[in-house]
Every structure is written in structure tokens, then in C-alpha cells.
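Results of the structural survey
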Amino acid sequence: MQSFPVFLKLDGAPVLLAGGGDAATAKLRLLLAAKARVTIVTPAPEAELAELARTAGATLISREFSTPDLENKKLVIVATENEANDRGIAEAARAAGVTVNVVDRPALSDFTMPAIVERGPVTVAISTGGAAPVLARQVRGLIETALPKNLGDLAGFIDSFRGAVKSVLPTATQRRKFWDRFLSSAAARQVLSGDEGAARRDMLALLNRSAAGEVTGRVAIVGAGPGDPELLTRKAHRLLQEADVIVHDRLVSDDILDLARRDARRVYVGKARSAHFRTQDQINRILTEEAGAGHLVVRLKGGDPFVFGRGGEEADHLRAAGIEVEIVPGITAATGCAAAAGFPLTHRDHASAVTFLSGQGREGGEADIDWRLLAQARHTLAVYMGIDTARQARTRLIAHGRSPETPVAIVENGTLPNQRVIRGRLADLPDLLEREAVASPALIFIGEVTGDPIARTAETAIERLALAL
Ligand code: SAH
């Protein structure tokens, strides 16, 4: 870190501003906004600066700087627009032990001023350590667009309830949870959309329930996507940063867990056959107990929680136990892997349906599958957990009429840096898996859409030609 970032309180503090041009005027505005007691020294004040100083009650001394001007000053900002003067004042300030900034001359400055984004009391300061001011401006632009316009109102709203919340919720932990909960509530959204009346009503209701101990924990069952952290939803990201406890399993990558709040507790409920493995009953019990203790629990699952993720079973169990549940969808492996491998799941010429199926039935038995339906042409199959049962799937599909030539693609570790895509034809699927030593997690796609796009286009053209003749 080039500089130590701080926000300085200047309310009523004596500050010297040396200079009278545009740069000095801009700094005067900032200093006045921070309620500093400003003395300006300059032989030639421009009219705008003089007017601003007069209306704001700042002291304007119309002469050259002299060392005694530094007496009792907390800060000096120098903007004489003359290098020799700037340097002279900066050296005098340093000799007098007063912290100094020279506008646009970081080498002469003890501190620099960041680019800022302001929303009422919420201030974001951006520095590149002097390396690239242009980049700082770009970053400011990005933050400007990312922060809601009324964020300042939200800060003001929270401030206005701070006393009430403190009197009702005595411990800091209770209050942190309350505010986390408030920020994801309808009341916070109402403040942001400008409906303060409704927000106050909802806020009071929330506070009353919290005071009566009626606000218990809750569980968010969150899809983490197929692996690439950039495929997380914004909601998933926000919940990860709010969670007290994160209950996750093996498909969730470390890169994603790294996005969680640092002091969130992580519970790994792992991998079949490992020491950390928990049965579904045990997982349900962990979720119920943690939420019952008043925590915000994020149950993080690979892909989408409602696609072969047992999210439905967990949600049912929690609801039956009277616990509030929220479901946050994720990008499921089929859509994530297809996108990463570059083929569509449906295509007007090649597939009018797609089926997501599991290669494994309950407790590892054979899945209950209508092979006749799946064997139809122009139908994409995305087989989850299908490595061990691929031989049987291949045999059944061909027996029910699917062409042995149907293209297949296997995507291993889809969307991750170690992704592999292996292509072939349905007849060879089991051999392909064996030869390439495909390991879990891998998704098997069966269908014309996975074929070579050039061959696919040519085929369509020939079919169309044949139809036309
Ligand atoms: N709920 C998850 C699926 C869980 S079942 C989802 O919506 O994606 C686990 C199976 O998903 C794995 O056996 C594998 O077939 C598939 N899978 C999950 N992540 C994958 C990935 N990154 N690449 C390939 N397949 C994946």
C-alpha cells in the first residue's frame, strides 16, 4: 500500500489554503463541505473564490504566503499554480510540522486526495497511489453507476434508527444481525425507491419482532453455479457476504468460498465416503439447529439447488420445522458446461427439446427413465452423474432407436480452469469415458447439437435440398 487511507474529521478545524485560481476554488469547496475553518492566502484571488469565501465566512488574506500563516493549522493545501511557490510553501509546512498537500504534485505532498463518489454520508475514496489518476477516474465512473442514487438516504435512515435499535437490542452481535436483515428487507428497498413512509412502517414492525425475539435465523439455499466464480448471481454473492454460517459440499470451489464474509463459519458436509460425509438427515439437522440459533445460514450447493441438488428435500424439511427458507437459483451444470464448450442445448434445426437427467437413481439404483422418449432424434440429453451408468444408457438409447452415430460431448470440470471437452459418437461413449479416464464432476451431452457445427450446417443444407427436390 502506497498510502494509508483515512477519513479525516475537519469540522471546525483550522486549514490553510494557499492559492487563488480554479484549483484552489475546487479545494475550497471540498473543505467547506467538510466544515473546515479555512484561511486562504493569495495575492490575486479570482472573483469566484473571493465570493465563495465571503458567503461561507472563510478568511481571505490578499497577500503572498508567509510562514506565520501556518501557525496552529491542522492541514495546508497548496495550489498557487507556480512550481517555485508551491515548493517553498510545502517546505515551510513540512519544517513547521503541518501536513501538506500540493495539488497535482504528489512528490511535494504528505497526503494525496482521492477521487471520490458521494452518496450523502456514504463516501467512496479511490486512489491508485499516484500511479494512474486516469484509471482512478474510470473506477469512479464504475462505482458511480453501481451505487444506487439514494444510498445516502439509506445511510440517513439507518442513522435515524440507530438509537432505537440500540435500546431494544443490547448486544453488538444482535445489532449486526438486525442491520444485515434490515438491508435485505423490503424496508431497505423502500428507502432506495424513495418511499420513506412505507419504509418506516416496515422498519418498526421488524424492530418490534426483533425485540420480542421473534426474528429467528433463516436458511438461504443458494446455487453456486458450476464452478467459475463469475457465474455466481449477485444475490448469491450478497448472501455469502452476509452469512453467519455456510454449509457447503464438494462441488463448491475454494474461489467461491473465498467470497464469503471472513468470519462466517464454514461447515463442510462433503463427499461421499469421506470422513466429513454427512447423511441427508444429518445435514437437515445442522441446518435446522444453526437457523434455530438465530443465524443466517447459507446452504451453498453446486449448480442450481433445485436441479439434482436435493434442494427441494432440504427446503421441505426446513419449512416443516417452521424455518424461513429462501431459494437462490444458480447456473446449472448443463447450461454452464454447454456454454463453456460452445454448443447450444436446443437449435431450430437440430434439437427441439432438452432433458436433464440423472445417471443415478435413489440410493445408487437404476434411475427410473423412459428410454423410448429419450431415444427420439432432435432431443438433447444432459446426463448428470452419468459416468458409471454410461454403458447402460448407450445400450438402451440405441435399442430404442437412437442412432449409434449421434454425436456426444463429455465436459469434465466445466467452466473451471481445468475443463476438458471430449467429443465422440454415442456408440463409443463408454469406451471414450474409459480411455480418457473421465472423472467426476463431468456432464455427458448426447445429441446432434454437440456435433461439429460445420458438419451440422452442411447436413441441414443437404436435408433442405433433399426436401426441396
Ligand atoms: N445441482 C447441480 C448438480 C448436482 S449433481 C447443478 O445444478 O449443476 C452433480 C453432478 O453435476 C456431477 O456428477 C456432474 O455430472 C454435474 N456437474 C456439476 N458441476 C459440474 C462441472 N463443473 N462440470 C461438469 N459437470 C458438473
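Since the model is a prediction, treat every value here as computed from it, not as a measurement. (Residues numbered from 1 in each chain as written. Predicted model: local features only at pLDDT ≥ 70, side-chain atom pairs only at ≥ 80, totals over all residues. Heavy atoms only, no water.)

Remarks on the packing of aromatic side chains
Per the counting criterion, the structure on display carries seven aromatic pairs. Put simply, the rings of Phe 157, Phe 161, Phe 178, Trp 179 and Phe 182 touch in pairs and so form one group of aromatic residues. (Phe/Tyr/Trp six-rings, centres within 6.5 Å; stacked < 30°, edge-to-face > 60°.)

Overview of helix H11 (residues 280-292)
Here H11 spans 18 Å end to end across 13 residues, near enough to the 18 Å set by a 1.5 Å rise per residue. On its buried side, H11 packs onto strand S8 (218-223), strand S9 (245-248), strand S10 (265-268), strand S11 (296-301) and helix H12 (311-320). Directly beyond the C-terminal end of H11, a positive phi value near 95 degrees is found at Gly 294. (Helix = DSSP H or I, 4+ residues; strand = E, 2+ residues; numbered from the N terminus. Expected span 1.5 Å × (residues − 1). Contact = heavy atoms within 4.5 Å.)

What to know about the sheet that holds strand S2 (residues 37-41)
Spatially, five strands are ordered S3-S2-S1-S4-S5 in an open sheet, and the strand pairing comes out parallel. Either end of the sheet is taken by a strand with one partner, and the two such strands are strand S3 (59-61) and strand S5 (99-102). The average undirected angle you get between the axes of adjacent strands in this sheet is 20 degrees. (Pairing = 2+ DSSP bridges. Axes fitted to C-alpha atoms, helices over the stretch in contact; angles between N-to-C directions.)

A few points about the pairing of S5
Two strands pair when backbone bridges link them, and strand S4 (residues 75-78) and S5 are joined in this way by four bridges, in the parallel orientation. Along S5, the bridge assignment pairs Val 78 with Val 102. Following the chain from S4 across helix H3 (residues 83-96) to the adjacent parallel S5, one finds a crossover that is right-handed. (Right-handed = clockwise from strand over helix to strand, strands pointing away.)

Considerations on the sheet that holds strand S13 (residues 353-358)
With mixed pairing, five strands are arranged side by side in an open sheet as S13-S14-S17-S15-S16. Lying at the two open borders of the sheet, with one neighbouring strand each, are S13 and strand S16 (420-425). Shown here is a sheet whose adjacent strand axes are inclined to one another by a mean of 20 degrees, direction ignored. With three bridges joining them, strand S14 (residues 379-384) and strand S17 (residues 442-446) adopt antiparallel strand pairing. The residue bridging Val 383 from the neighbouring strand is Ile 444, located in S17. Here helix H13 (residues 333-341) sits on the sheet and contacts S13, S14, strand S15 (407-412), S16 and S17; the angle it forms with S17, its principal contact strand, is near 75 degrees.

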